[in-house]
Amino acid sequence: MLDLGRLRALHAVAVHGSVGGAAAALGFTPSAVSQQISKLERETRTVLLERQGRGVVLTDAAVRLADTARQLLALVEQAEVTLEERRGQAVGRLLVASFATGARGLMPGALTDLRERCPDLDVRLLECDPYPAADLVARGEVDLALVQDWPTVPLPVQDGLSRLDLGLDPVDLLLRAEHPLAALGTVPVAELLGQRWISVPPGNICHDWLVRTLREAGEEPDVLYQVGEFETQIALVEAGLGLGLVPRLGRAALPPGVVARPVSPEPARRVYALWRTQASRRPAITAALLAMRERWAAVEAASAVVGGPDTGPAGP
């Protein structure tokens with residue numbers, strides 16, 4: 001009999017392309033994943049992974065076995081959903097993926113509520129950008145994903161997934177207080193032309209939005225500094241090295257000398273949750289969605305009370 005846990009490890013390596021990526025998704029150490037694969041090789045008397053440079057690649061036999069594992073894991077999920085539904089309790093493991101500022105600005109409260117309401121539910125959190133997160137949900141590697149996109153840059157979502165729209169996350173222009181644009185109450189998009197930019201790297205939804213918006217306004221943006229974390233972007237803005245467009249969700253208080261100004265028309269990200277439709281009946285999914293929705297309402301209310309973007313929260 002093939003061990004399901006070892007098949008899961010092989011499937012994760014196939015999906016994520018590396019032992020390290022599989023370990024991060026499964027919540028294990030890379031050595032633990034490697035041990036699972038080694039045991040599976042002994043059980044099957046088949047070489048499954050081959051060294052290639054600093055990484056590994058799946059052999060032809062491993063590719064076929066990983067596809068079989070995918071089918072088996074889908075059947076196991078269906079069985080788990082049925083059993084959990086009959087018990088009417090949120091139990092088992094729930095792996096949630098979230099983009100960075102969602103993980104910082106929304107998930108701590110949602111996970112705390114979920115732990116209090118469902119003490120028998122083993123909830124894990126994986127920080128992940130929206131593009132790969134949507135694919136992980138579709139492939140069954142994670143159960144639920146908190147993602148974001150822009151109306152002009154929608155996230156590709158595969159068939160078989162359901163979504164819960166939480167709301168909009170406004171984006172502010174961050175700049176030094178002495179910058180000429182800081183004197184404006186609201187900054188028109190046309191005034192953003194000719195500026196030096198600090199942004200996340202290409203391939204990120206926020207970068208794609210910045211590039212598309214300025215191109216539509218008639219200019220290729222001059223992105224001098226590409227950094228993945230918004231906190232680092234804010235530090236570069238504080239140093240006077242450029243301007244940044246930073247969402248409010250998960251944003252800490254701005255440092256002295258840095259101000260936030262709204263932009264017109266107002267850019268705002270759409271924030272929503274994704275899960276496999278076939279798992280909609282699972283109590284753990286229902287409970288997690290409720291916690292996210294309630295915490296989002298609290299975050300939205302706090303942002304409205306703040307009113308001024310200089311002190312309000314924000315994030316990637």
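Residues numbered from 1 in each chain as written. Predicted model: local features only at pLDDT ≥ 70, side-chain atom pairs only at ≥ 80, totals over all residues. Heavy atoms only, no water.

Asker: I'd like a description of a negative patch on the surface, backed by residues and values.
Answerer: A contiguous patch of negative charge, built from Glu127, Asp129, Glu229 and Glu231, is present on the exposed surface. Looking at the secondary structure, you find Glu229 in the loop between strand S9 (222-226) and helix H9 (230-238). (Patch = residues over 30% accessible without salt bridge, like charges linked within 9 Å, V, L, I, M, F, W, Y side chains within 5 Å. Areas by Shrake-Rupley, 256 points an atom, 1.4 Å probe, with all protein chains shown as cover. Salt bridge = Lys/Arg side-chain N within 4 Å of Asp/Glu carboxyl O. Lys, Arg positive; Asp, Glu negative; His and termini not counted. Charge placed at Lys NZ, Arg CZ, Asp CG, Glu CD. Helix = DSSP H or I, 4+ residues; strand = E, 2+ residues; numbered from the N terminus.)

Asker: Describe the environment of Phe230, and please don't skip the residues or the numbers.
Answerer: Residue placement: Phe230 occurs in helix H9. In this structure the C-alpha to C-alpha distance between Phe230 and Gly160, which are 70 residues apart in sequence, comes to 32 Å.

Asker: Could you give me a rundown of a nonpolar patch on the surface, with the residues and numbers involved?
Answerer: Taken together, Leu4, Leu72 and Leu75 make up a surface patch of nonpolar side chains, about 240 Å² in accessible area. Tracing the sequence through the fold places Leu4 in helix H1 (residues 4-16).

Asker: Could you give an account of the pattern of salt bridges, naming the residues involved and the relevant values?
Answerer: Enumeration over the complete set of coordinates arrives at 15 salt bridges. For the salt bridge of Arg124 with Asp122, the shortest nitrogen-to-oxygen distance reads 3.0 Å. Using a relative accessible area of 29% as the deciding quantity, one classes Asp122 as partly exposed. One salt bridge in this structure joins Arg176 and Glu178, with 3.1 Å as the shortest N-O distance. Salt bridges sharing partners connect three or more residues here, namely Arg93, Asp122 and Arg124. (Buried < 20%, exposed > 50% of the residue type's maximum accessible area, 1.4 Å probe, protein only.)

Asker: Hey, could you go over the confidence of the model for the chain for me, with residue numbers and the actual values?
Answerer: Overall, the prediction assigns the chain a mean pLDDT of 87, with 94% of residues at 70 or greater. Ignoring residues within four places in sequence, the model shows residues 311-316, a span with pLDDT below 50, making 35 contacts including any to other chains. (pLDDT = per-residue confidence, 0-100. Contact = heavy atoms within 4.5 Å.)

Asker: Could you give me a rundown of unusual backbone geometry, with the residues and numbers involved?
Answerer: What you tend to see is this: most non-glycine residues have negative phi, and most peptide bonds are trans. In this structure, the amide linkage connecting Ser264 to the following residue, Pro265, adopts the cis form with an omega of -5°. Here Pro265 is to be found in the loop between strand S11 (258-264) and strand S12 (268-276). With phi around 55°, Arg45 is a residue other than glycine that occupies positive phi space. Topologically, Arg45 is positioned in the loop between helix H3 (30-44) and strand S1 (49-52).

Asker: Can you tell me about the environment of Gln78, naming the residues and giving the values?
Answerer: Counting through the fold element by element, Gln78 comes out in helix H4 (residues 60-87). According to the relative accessible area criterion, Gln78 is partly exposed, its value standing at 41%. In this structure the C-alpha to C-alpha distance between Gln78 and Gln278, which are 200 residues apart in sequence, comes to 7.6 Å.

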